[in-house]
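Take a look at the letters that make up each chain.
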Amino acid sequence: MAAGWEQRLHELVAARGPALVGYAYLLCGDRREAEDLVQDALVKTFTRARSGTDLENLEAYVRRAVLTTYLDGFRRRRRWAAVRHLAGEEEHDPGPEGAVGDRLAVRQALGSLSSRERACVVLRYYADMTVPRIADELSLAEGTVKRYLSDAVRRLEAELGPLRMTPVDAGGEDHATNVRLISSRRAR
């Protein structure tokens, strides 16, 4: 039986690993923390025997575990953010200069949101979930989700300018640009 779960784990990580890390990255805003979230979610998912579960369902379990772990660990992440600078400098990914500025602006703007607002934005514009589905995932009322989305978009627009948000597939390599938050200042 051990070979069964190991094979399913290997298939899931090979097929959807980058997308899972991208999803976690959008929630937390830090590549290393995103990888840790996915690792924790994989452990939580595969510690319970789920025989006969197909790859798509396993990914859904892992995504749910990533979201739950992110929301549960919000205070821990805030404490770490206060002392992270003592551990060393953040790595910088090389890339085109124009995209770097936009990516950093989006990262900073997402960082200004509360954990619930950020989770709602990621689920709506990255995971392409409907408001009722987000409400179900987060155990919130639909009106509460709408309020979080409205407040989040208003805060993002205050930092980035007017936005047009479109969901994009999570399979790409550069996860920071998978949710396209395009401000009007880019068109100038």
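Scroll up to find the structure this text is about.
As the structure is a prediction and not an experimental result, all values here were calculated from the model.

Calculation rules
- Residues numbered from 1 in each chain as written.
- Predicted model: local features only at pLDDT ≥ 70, side-chain atom pairs only at ≥ 80, totals over all residues.
- Heavy atoms only, no water.
- Helix = DSSP H or I, 4+ residues; strand = E, 2+ residues; numbered from the N terminus.
- Polar contact = N/O pair within 3.5 Å; in protein donor to acceptor, adjacent residues only side chain to side chain.
- Contact = heavy atoms within 4.5 Å.
- Expected span 1.5 Å × (residues − 1).
- Buried < 20%, exposed > 50% of the residue type's maximum accessible area, 1.4 Å probe, protein only.
- Phe/Tyr/Trp six-rings, centres within 6.5 Å; stacked < 30°, edge-to-face > 60°.
- Lys NZ or Arg CZ within 6 Å of the ring centre and 35° of its normal.
- Core = buried A, V, L, I, M, F, W, Y, C linked by side-chain atoms within 4.5 Å.

Peer 1: Can you walk me through the side chain of Glu117 in this structure?
Peer 2: Note that Glu117 resides in helix H6 (residues 115-125). At 3.1 Å, the side chain of Glu117 and the backbone nitrogen of Ser114 are in polar contact. In this structure Glu117 touches Tyr148, Asp151, Ala152 and Arg155, once residues within four positions along its chain are discounted.

Peer 1: Just to check I follow, could you spell out helix H2 (residues 31-46) for this structure?
Peer 2: Because each turn of an α-helix spans 3.6 residues, side chains separated by three or four positions end up pointing in the same direction. The end-to-end C-alpha distance of H2 is 22 Å, a good match for the 22 Å that 16 residues give at a rise of 1.5 Å each. Glu33, Ala34, Leu37, Val38, Ala41, Leu42, Thr45 and Phe46 are the residues of H2 that are buried. Sitting at the head of H2, Asp30 places a side-chain oxygen 3.2 Å from the backbone nitrogen of Arg32.

Peer 1: What exactly am I supposed to notice about unusual backbone geometry here?
Peer 2: Backbone geometry follows two general trends: most residues other than glycine have a negative phi, and most peptide bonds adopt the trans configuration. Of note in this structure, Asp128 is not a glycine but carries a positive phi near 55°. The residue Asp128 is located in the loop between H6 and helix H7 (131-138) in this model. Of note, Ser139 is a non-glycine position whose phi angle comes to about 55°, a positive value. Considering the arrangement of structural elements, one finds Ser139 in the loop between H7 and helix H8 (142-160).

Peer 1: Which parts of the structure should I look at to understand the packing of aromatic side chains?
Peer 2: In this description, a pair of aromatic rings is defined by centroid distance and the angle of the planes. According to the stated counting rule, one finds 1 aromatic pair in the structure shown. Ring geometry for Tyr23 versus Tyr126: centroids 6.2 Å apart, planes at 25°, classification stacked. With Tyr23 in helix H1 (residues 2-28) and Tyr126 in the loop between H6 and H7, the pair connects residues that are 103 residues apart, well separated along the chain. Like Tyr126, Tyr23 is buried. Lying over the aromatic face of Tyr125, Arg124 brings its terminal NZ or CZ to 5.8 Å of the ring centre.

Peer 1: How do you make sense of the nonpolar core when you look at a structure like this?
Peer 2: Proteins that are soluble and globular tend to have nonpolar side chains buried together. Residues Tyr23, Leu27, Val66, Leu67 and Leu138 are the most contacted members of the largest nonpolar core, which totals 47 residues. It is H1 that provides the largest number of residues to this core, a total of 9 residues. Filtering out sequence-adjacent residues up to four positions away, Tyr23 remains in contact with Arg63, Val66, Leu67, Val122, Leu123, Tyr126 and Ala127.

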